[in-house]
Amino acid sequence: MGESEQFCSFLIGEYRCAVPMDHITEVLAPQHLTPVPAAPSTVAGLLNLRGQILTVLDLRASLLGVGRPPGGDPMVLVLERGTQLFALLVDAIGDVVRAVSEELLPTPETIPLSFRKLTAAVIQQGDTITLVLDAQHVAQAGATA
Amino acid sequence: MARDDLGDELREFLIESYENLDRTEQDLVGLDLRADHTEVVAATFRTLHSIKGACGFFDFDHLAQLAHEGESLLGVLRDAGHPMNDAIVQLLLDLLDGLRRYFAIIEVQGDDGNSVEAELCDALMLMRQALEAGNGVPPTPRHSGVSEVQLAPNIVVFAPAGEATPAEKDPVPAHVNLLDQAIRVDVELLDHLVNLVGELVLVRNRTLQIDGVIQDPSFDALAQRLNLITTQLQERVMQTRMQPMESLFSKLPRLVRDLARSLGKQVVLATAGGDTELDRGILEALRDPLVHLLRNAVDHGIELAEDRLNAGKEPVGHIEILARHEGGSVMITIADDGAGIDPSVIADRALRLGLVTAESLGSLSARERSDLIFLPGFSTSEEVTSVSGRGVGMDVVRTNIEQVSGTIEINSQKGAGTTIVLRIPLTLAIIPSLMLLVAGQRFALPQLNVVELLRLERESMADELAFVGESLFLRRDSQLLPVVDLSALLGLRASRVLSQLQLLTIVVVQLSGRQFGLIVDRVVDTQEIVVKPLDDFIGSIGLYSGATILGDGDVAMILDVAGIASRAALVLDESSIPEREETNEEVAEEETVLLIDGGSVGLVAVPVFEIERIEEVDASTIAYLGGVPVMQYREMVAEIVTIGSLLGGVNDLPAAGSVRMLIPSFGATDRVVAIREIIDITTIGGRVTGSTIIGGKIVRVISLAEMLVTRSGAGHG
């Protein structure tokens, strides 16, 4: 049995996603965001994190193809990308998923393409499938969408 | 001679030499006698060599003599590869002390005094001779408890450790030297410090905002104190990053000389204002553009000597670079007396390179033809030479300048020369800017780009604005300036039918000599903002140069005027249609003022940029607090002063009817100015203060900022 890794899971629409715990620096309660006019639709806005300005990405647009409905108080995940920080708007934070390397499976073809592009692997535990997102790709998706 | 009187170069020389000596001393002291000492000897040699070199420059003969003897000895040590011994090390340490004694004298009196370190020089010489004579065998160090060795009558040379130097010579200068007063700081550490001060500025801004709400005298005092200290700290920290232009200028004469020689030209470069200081980051960004402009001036500007003679000029070409502070920014002028730029040559070239079409050329003014030089891909060089045609054009220069929020302007007269004016902010970390409200969102606009603020009421719109098809233009001086609706450009709101709006607020901005207007909803106030970098891909949108954190913790985007101009390029390119022939350059110096009937004090003009808005209130709503007239304005109670009372006249506040209030634009919203009637919006030449004549009548031109601030005294800052 390989070493177990921890993932932080969260919801985007109906999908249960996760990123490796050590990529996450912070989880924030719903925040006031400053919109960035003329930015791609994946940019939810800018966030003042103790004096540092972070770009907040909302993957709903690129993953689900729909914008965020009003209300719903989305949570903010702060992730590391290299030395830079960026943030992700998610519908809800789930629990911590522990998985050993054998439980990390290649992304099945049945997952919609928009998700597959950002997914590094899936974790199947019982009936639950968790998509492990690649932080690099997620950040890039925000940039190119 | 006071320390401050030492020239910068001498100061630098001393600091560097002290550092080198300290390092050499450590090396020597730590020298293992059996270990390889070549590196230490080589390093010590270099130190002495550079000291000797500088001596020639500063005219320090005595110091030079000592350094020379030391250098000679080290030369022998180095070349012959002698093993070190105690005696040599000690002698070298004595040499360092001798050098330090000279530096101490220099630091105090500016020259190297009149004493010769004769004994030390002799000792160095004797040692060298001994080494040379010994054919690789070093002289035997004379230990055995002998404290002084007589090599010549009455000359003390060296001795084993400790008692080497005669007692009257203190080996270490007693007073604190320059090195103890100056330290070298890691630039990264300094940058971090600047960031922290930036944070503090934000905390200050926020505190002051809260102070406006909380009516507590002790908190007020605390907030003011925080304000004061933060401002001072900010200034000082910024100062640490400041570098004089000289550090850039000093490299240029060599460049010009080499270039002129390779082109067979005679060029003299003069620089002035080298002590003008700039943030080191900006200075760094200026390096390449300045070198490029200078190369251009030598290569394309200055003619060959015979051509100059034929043109009736002296054979030697002159280039002058001048730096000076002007209104919170630095102006750098690069002027040459060369051939100048021929607009038609530029235009032909641009046409041949396919950068413009013949039709669009037709509509361009001479100035705009010259500006074609900034087009990407433009080059006047037919061939690629070692000097030009390296693929870096004026477009890159302009981009570099605009990246540090600067502007570039070219004024050229064919046959007479070219003058290029760069306008650069002092620092990028904290900049004064205008806070704008556009479709409910706040944006910061760097003040460096702002030319003026205009408020157009429905009645005056027809006079001030012109529609060309769908596009809106502002009539300014001799030109029609394009006007862009910022909310539409940012995609915040669909284009509005502007002619139906009651009121238009237009910010006229400039960018490298081009001006255009931005329609905003409101100008909130002016603020010193701390610029925070943006994520790469937010930056790549191109409309924002950064973001800042406002007093309430919210983030505001900082608008990038260059980016906005290029986004609005469709509008702007068909723009700047000269309405009349250009008159002269002085036009830009005009100021738009509001002409007011001041009642008992006569006609008064107030610069429009000082007025944020004009409110009309009914006299019956004016309340009196302790006899002081006040009104409710934006959830604040503002004191009403009349323009008459400001000017020492009567307080002529009417008891009934409607009263117009000027709301000042500089943030002092706790005071508004009541006026009787607005007569006109007009322009006056330059920044006139005092009196001027408009339409045959004498008008007093006043600065609201000055009057309200003086009047408020120790009140709100």
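The structure this text deals with has already been given above.
Residues numbered from 1 in each chain as written. Chains lettered and ligands numbered in written order. Predicted model: local features only at pLDDT ≥ 70, side-chain atom pairs only at ≥ 80, totals over all residues. Heavy atoms only, no water.

### Some thoughts on the sheet that holds strand 11 (residues 128-133) of chain A
All names here are of chain A.
1) Next: Strand order in the open sheet formed by six strands is 8-1-2-11-10-9, and the pairing between neighbours is mixed. Each edge of the open sheet is held by one strand with a lone partner, namely strand 8 (92-100) and strand 9 (104-105).
2) Next: Here strand 2 (residues 15-20) runs beside strand 11; their pairing, made up of two bridges, is parallel. In the strand pairing of strand 11, alanine 18 is matched with valine 132. (Pairing = 2+ DSSP bridges. Helix = DSSP H or I, 4+ residues; strand = E, 2+ residues; numbered from the N terminus.)

### What to know about the packing of aromatic side chains
Residues and elements named next belong to chain B.
1) Next: What the rule picks out here adds up to four aromatic pairs over all chains.
2) Next: Geometrically, the ring pair formed by phenylalanine 58 and phenylalanine 60 is stacked, given 5.6 Å between the ring centres and 20° between the ring planes.
3) Next: Note on phenylalanine 58: relative accessible area 21%, which makes it partly exposed.
4) Next: Ring-pair connections join several aromatic residues into one group, and the members of that group are Phe13, Tyr18, Phe58, Phe60 and Phe103. (Phe/Tyr/Trp six-rings, centres within 6.5 Å; stacked < 30°, edge-to-face > 60°. Buried < 20%, exposed > 50% of the residue type's maximum accessible area, 1.4 Å probe, protein only.)

### Focus: the packing of helix 11 (residues 280-301) of chain B against helix 16 (residues 394-403) of chain B
To describe two helices that pack against each other, one gives the angle between their axes and the distance between the axes.
All names here are of chain B.
1) Next: Taken N-terminus to C-terminus, the directions of helix 11 and helix 16 make an angle of 145°; their axes are 9 Å apart at the nearest point. Handedness of the crossing formed by helix 11 with helix 16: left-handed. Contacts from Leu286, Pro289, His292, Leu293 and Asn296 in helix 11 reach Met394, Val397, Asn400 and Ile401 in helix 16.
2) Next: When grouped by side-chain class, the residues that make up the contact of helix 11 with helix 16 number six nonpolar, three polar and no charged. (Axes fitted to C-alpha atoms, helices over the stretch in contact; angles between N-to-C directions. Left-handed = near helix turned anticlockwise from the far one by under 90°. Contact = heavy atoms within 4.5 Å. Nonpolar A, V, L, I, M, F, W, Y, C, P; charged D, E, K, R; others polar.)

### Quick word on a nonpolar patch on the surface
Residues and elements named next belong to chain B.
1) Next: On the surface, Ile183, Val185 and Leu189 cluster together into a nonpolar patch covering about 320 Å² of accessible area.
2) Next: Structurally, valine 185 is set in the loop between helix 6 (178-181) and helix 7 (187-213).
3) Next: Under the relative-accessibility criterion, valine 185 is labelled partly exposed at 39%. (Patch = residues over 30% accessible without salt bridge, like charges linked within 9 Å, V, L, I, M, F, W, Y side chains within 5 Å. Areas by Shrake-Rupley, 256 points an atom, 1.4 Å probe, with all protein chains shown as cover. Salt bridge = Lys/Arg side-chain N within 4 Å of Asp/Glu carboxyl O.)

### Re the environment of methionine 394 of chain B
All names here are of chain B.
1) Next: Position of methionine 394 relative to the elements: it lies in helix 16.
2) Next: With a relative accessible area of 6%, methionine 394 lands in the buried category.
3) Next: Placed 18 residues apart in sequence, methionine 394 and proline 376 show a C-alpha to C-alpha distance of 7.7 Å.
4) Next: Setting aside anything within four residues of it in sequence, one finds methionine 394 in contact with His292, Leu293, Asn296, Ile373, Phe374, Ile408 and Ile410.

### Observations regarding the nonpolar core
1) Next: One finds Leu436, Leu486 and Tyr544 of chain B to be the most contacted residues of the largest nonpolar core, which totals 68 residues.
2) Next: Core analysis: the second largest hydrophobic core is formed by 44 residues, Leu259, Ile302, Ala350 and Val404 of chain B among them. (Core = buried A, V, L, I, M, F, W, Y, C linked by side-chain atoms within 4.5 Å.)

### A few points about the interface of chain A and chain B
1) Next: Counting residues at the interface gives 24 residues for chain A, matched by 21 residues for chain B.
2) Next: The interface formed by chain A and chain B contains zero salt bridges.
3) Next: Looking at the side of chain A that touches chain B, the elements that each hand over two or more residues are strand 4 (43-49), strand 5 (52-58), strand 7 (84-90) and helix 3 (135-144) of chain A.
4) Next: Of the residues belonging to the side of chain A that touches chain B, the class tally is 15 nonpolar, seven polar and two charged.

### Considerations on the environment of isoleucine 702 of chain B
1) Next: By secondary structure assignment, the location of isoleucine 702 of chain B is in the loop between strand 31 (697-701) and helix 23 (704-712).
2) Next: In this view, isoleucine 702 of chain B contacts Val604, Ala605, Val606, Pro607, Glu610, Ile643, Leu647 and Met707 of chain B; residues no more than four positions away in its chain are not counted.

### A word on unusual backbone geometry
1) Next: Phi at alanine 38 of chain A takes a positive value of approximately 75°, unusual for a residue other than glycine.
2) Next: By the element assignment, alanine 38 of chain A lies in the loop between strand 3 (24-28) and strand 4.
3) Next: Look at alanine 439 of chain B: it is not a glycine, yet its phi comes out positive at around 45°.
4) Next: As for its placement among the helices and strands, alanine 439 of chain B is situated in the loop between strand 10 (430-438) and strand 11 (441-446).

### Let's talk about the sheet that holds strand 27 (residues 658-664) of chain B
Residue and element names in this part refer to chain B.
1) Next: Spatial ordering of the open sheet is given by 23-27-28-26-25-24, a layout of six strands whose pairing is mixed. Whereas interior strands pair on both sides, the edge strands pair on one side only; in this sheet they are strand 23 (611-618) and strand 24 (623-625). Sheet twist, expressed as the average angle between the axes of neighbouring strands with direction ignored, equals 40°.
2) Next: Of the strand pairs in this sheet, strand 27 and strand 28 (residues 671-675) are connected by three bridges, and their pairing is antiparallel. Across the sheet, methionine 661 pairs through a bridge with alanine 674, a residue of strand 28.

### What about the side chain of threonine 34 of chain A?
1) Next: As for its placement among the helices and strands, threonine 34 of chain A is situated in the loop between strand 3 and strand 4.
2) Next: We classify threonine 34 of chain A as buried; its relative accessible area is 5%.
3) Next: Polar side-chain contacts of threonine 34 of chain A include one of 2.9 Å to the backbone oxygen of valine 555 of chain B. (Polar contact = N/O pair within 3.5 Å; in protein donor to acceptor, adjacent residues only side chain to side chain.)

### Description of the pattern of salt bridges
Residue and element names in this part refer to chain B.
1) Next: Tallied over the entire structure, the rule returns 17 salt bridges over all chains.
2) Next: Of the charged contacts in the structure, one is a salt bridge between glutamate 303 and arginine 308, with a shortest N-O distance of 2.9 Å.
3) Next: With relative accessibility at 13%, the residue glutamate 303 sits in the buried group.

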